[in-house]
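# Examining the three-dimensional arrangement
Below, each chain spelled out in residue letters.
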Amino acid sequence: MRFLTAGESHGPGLTIIVEGIPADLPLLAEDIDRDLARRQVGFGRGGRMSIETDRVTFRGGVRLGRTIGSPIAMTLENRDFKNWAVPMSVSPVDLGDEAVRAQLEAKRITRLRPGHADYPGAVKYGLADVRNILERSSARETASRVAAGAIAKQLLRQFNIHVHSHVVEIGGVGAGESVRPALPAFEAWKDLFERVEQNDLRCHPDLYERLRARVVEAAKGGYTLGGAVELAAYGEIPVGLGSHVHYDRRIDGLLAGAAMSVHTVKAVEVGIGTAAARETGADVQDEFINAAGEIARTSNHAGGIEGGMTNGQPVLLRAYLKPLPTMRKALKSIDLITREPFEAHYERSDTCAVPAGGVVCEAMMAIVLAQELQRKLGGDSLAEMLRHAGRGPV
Ligand SMILES: Cc1cc2nc3c(=O)[nH]c(=O)nc-3n(C[C@H](O)[C@H](O)[C@H](O)COP(=O)(O)O)c2cc1C
Ligand SMILES: C=C(O[C@@H]1CC(C(=O)O)=C[C@@H](OP(=O)(O)O)[C@H]1O)C(=O)O
């Protein structure tokens, strides 16, 4: 599968095309909307989320609740567009109207926002109005990725592979604590993820009060927070997704790249990650045991990946997200055109988007796993894929 997305943050909406999904996969808009809603919920998000209600409309590729092998096209409305119709989509023929020109001018941006794509984007594309960069660099785009990722998850579920995330740190709180299940048992992961879905930070209940207090403190103080999410793919993970034979087929690189591509993600760990660099060799490897004739392990420090391939254990990643750049505390900057200094203007922003970021990283993880599963199994229909995997119809 591959996907392309288009759409600006305050434009009419987002368009997503997902190509290469096998025919006959059961797929309802609700399967996608569930994840879209999860991305919107998250304590610490700002005013924009109370305007939007993200729901997809299928425009192609799905009939009677099943995929038909053709590209899947989806659209997603930006409800906020009604407040931006003139600056985002006025026709050049209306530029003679003074009121229209005044509205356009009011939304023109030349003051660079530190930490956003504004400066490199405006220089790269040679644009004098930074809005042309802001509109697409906004994390509104991540709703499209969640829609594509929900389809990947639906495909993975047919093979009993599940992808989920939970918030493990916000603003330093929770750092160094582990709420990861000790054993790779399906039930342990399922139980953890059912519990985290019951709160609006999507974290282990033991962390909830402390993380929430940290976000409340930041919102009061007018600053923003980053944090970390743990991502897990669990269930029947096949041995051998990815490959050791080329740099661009190693699945750890593919997964880390996909998670790093999410706005604000600044680091990704696989398994115990950076801790491995400080341990001795014997403490880091996952030793083999014979468990009633089955090949098993005593630990999963590698996060389910050895030599660039899945080894059948749960695939575990951690993504670290920076604090959001727009905040009430004014940051020093300069005007792109006049080069005059100013202090950044604040309208609205999220205080903390770590729970939402986790849902986006899940989507990216699911897309890579689905791509690799398809590479391994081939097949134009779900039945063919299942047959190649030696499984009966589900
Ligand atoms: C779900 C989500 C919501 C975000 N909301 C905001 C926001 O409200 N305000 C803000 O300044 N940045 C927000 N961001 C972050 C910016 O989009 C991002 O930091 C910026 O594009 C540059 O970061 P980068 O260098 O990691 O791309 C959000 C990111 C995510 C993933
Ligand atoms: C719209 C979304 O997130 C937005 C991402 C974002 C940014 O700068 O990245 C800034 C805010 O948008 P606005 O400038 O309209 O208030 C967030 O609300 C979304 O997640 O759907």
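Residues numbered from 1 in each chain as written. Chains lettered and ligands numbered in written order. Predicted model: local features only at pLDDT ≥ 70, side-chain atom pairs only at ≥ 80, totals over all residues.

## Describing the overall build of the chain
From N to C terminus, the chain includes 13 helices and 17 strands. Oriented by its inertia axes, the alpha-carbon framework of the chain measures out at about 80 × 50 × 40 Å. Burial statistics for the chain: of 394 residues in total, 36% are counted as buried. Of the contacts formed within the chain by residues at least 6 apart in sequence, a portion of 71% connects residues at least 24 apart. (Helix = DSSP H or I, 4+ residues; strand = E, 2+ residues; numbered from the N terminus. Buried ≥ 20, exposed ≤ 12 C-beta atoms within 10 Å, placed from the backbone. Contact = placed C-beta atoms within 7 Å.)

## Observations regarding the UniProt feature "binding site: FMN" (unreviewed entry) in the chain
Residues annotated in UniProt with the feature "binding site: FMN" (unreviewed entry) correspond here to Arg136, Ser137, Ser138, Gly307, Lys322, Pro323, Leu324, Pro325, Thr326 and Arg348. Separation in sequence by 213 residues is matched in space for these annotated residues, since their most distant C-alpha atoms are 45.2 Å apart. Take Lys322: it is sitting in the loop between strand S15 (315-321) and strand S16 (332-334). When sequence neighbours within four positions are dropped, the list of residues in contact with Lys322 reads Gly226, Thr264 and Lys266. Looking at where Pro323 falls in the secondary structure, it is placed in the loop between S15 and S16. Apart from the residues lying within four places of it in its own chain, the contact partners of Pro323 are Thr224, Leu225 and Gly226. (UniProt positions renumbered as here; feature names shortened; annotations may be inferred.)

## Some points on the packing of helix H1 (residues 29-40) against helix H12 (residues 354-377)
Remark: H1 packs on H12, axes separated minimally by 7 Å, with the N-to-C direction vectors making an angle of 150°. In terms of orientation, H1 and H12 fall into the roughly antiparallel class. Residue-level inspection shows Asp35, Arg38 and Arg39 of H1 in contact with H12, the latter providing Ala356, Val359 and Val360. Of the residues contributing to the contact of H1 with H12, the split by class is 3 nonpolar, no polar and 3 charged. (Axes fitted to C-alpha atoms, helices over the stretch in contact; angles between N-to-C directions. Parallel < 35°, antiparallel > 145°, perpendicular 65-115°, else oblique. Nonpolar A, V, L, I, M, F, W, Y, C, P; charged D, E, K, R; others polar.)

## Some remarks on helix H10 (residues 251-260)
Along H10, the positions that sit buried rather than exposed are Ile251, Asp252, Leu254, Leu255, Ala258 and Ala259. Burial along H10 is one-sided: seen end-on, the buried residues are contained in an arc of 165°. Contact partners of the buried residues in H10: strand S9 (239-242), strand S10 (265-270), strand S13 (305-306), strand S14 (309-311), S15 and H12. (Arc of directions from axis to C-beta.)

## Topic: the site of ligand 2
Around ligand 2, the neighbouring residues are Ser9, Gly46, Arg48, Glu52, Ser138, Ala139, Arg140, Ala143, His263, Arg348, Ser349 and Asp350. Residue composition of the shell around ligand 2, grouped by class: 2 nonpolar, 5 polar and 5 charged. (Near = placed C-beta within 6 Å.)

## Re the site of ligand 1
Around ligand 1, the surrounding shell holds 20 residues, and the nearest of these are Ala139, Thr326, Asp350, Ala353 and Ala356. Considering each element in turn, the shell around ligand 1 owes the most residues, 3 residues, to H12. In terms of residue class, the shell around ligand 1 is made up of 8 nonpolar, 11 polar and 1 charged.

## Some points on the nonpolar core
Counting residues in each nonpolar core, the largest one holds 84 residues, and the members touching the most others are Ala147, Ala259, Ala319, Met365 and Leu369. Sorting elements by how many residues they give to this core places H12 first, with 14 residues. (Core = buried A, V, L, I, M, F, W, Y, C linked by C-beta atoms within 7 Å.)

## Digging into the UniProt feature "binding site: NADP(+)" (unreviewed entry) in the chain
Annotation from UniProt places "binding site: NADP(+)" (unreviewed entry) at Arg39 and Arg45. Its place among the elements puts Arg39 in helix H1. The contact partners of Arg39, leaving out residues within four places of it in the chain, are Thr142, Ala143, Val146, Ala356, Val359 and Val360. Relative to the helices and strands, Arg45 is located in the loop between H1 and helix H2 (48-51). For Arg45, a count of 20 C-beta atoms within 10 Å corresponds to the buried category. Filtering out sequence-adjacent residues up to four positions away, Arg45 remains in contact with Asp350, Ala353 and Ala356.

## Things to note about the sheet that holds S13
Ordered in space as S9-S14-S13, the 3 strands form an open sheet in which the pairing is antiparallel. Of all the strands in the sheet, the pair left with one neighbour each is S9 and S13. In this structure, S9 lies alongside S14, joined through 2 bridges in antiparallel fashion. Looking at S14, one finds that Gly242 is bridged to Met309. This element, H10, spans S9, S13 and S14 of the sheet and lies at about 50° to S9. (Pairing = 2+ DSSP bridges.)

## Re the pairing of strand S11 (residues 288-291)
Both S11 and strand S12 (residues 294-297) contribute to a ladder of 4 bridges, which runs antiparallel. Bridging from a neighbouring strand, Ala291 pairs with Glu294 of S12. The antiparallel pairing of S11 with S12 creates a hairpin that spans 2 residues between the two strands, and Ala292 there sits at a positive phi of about 50°.

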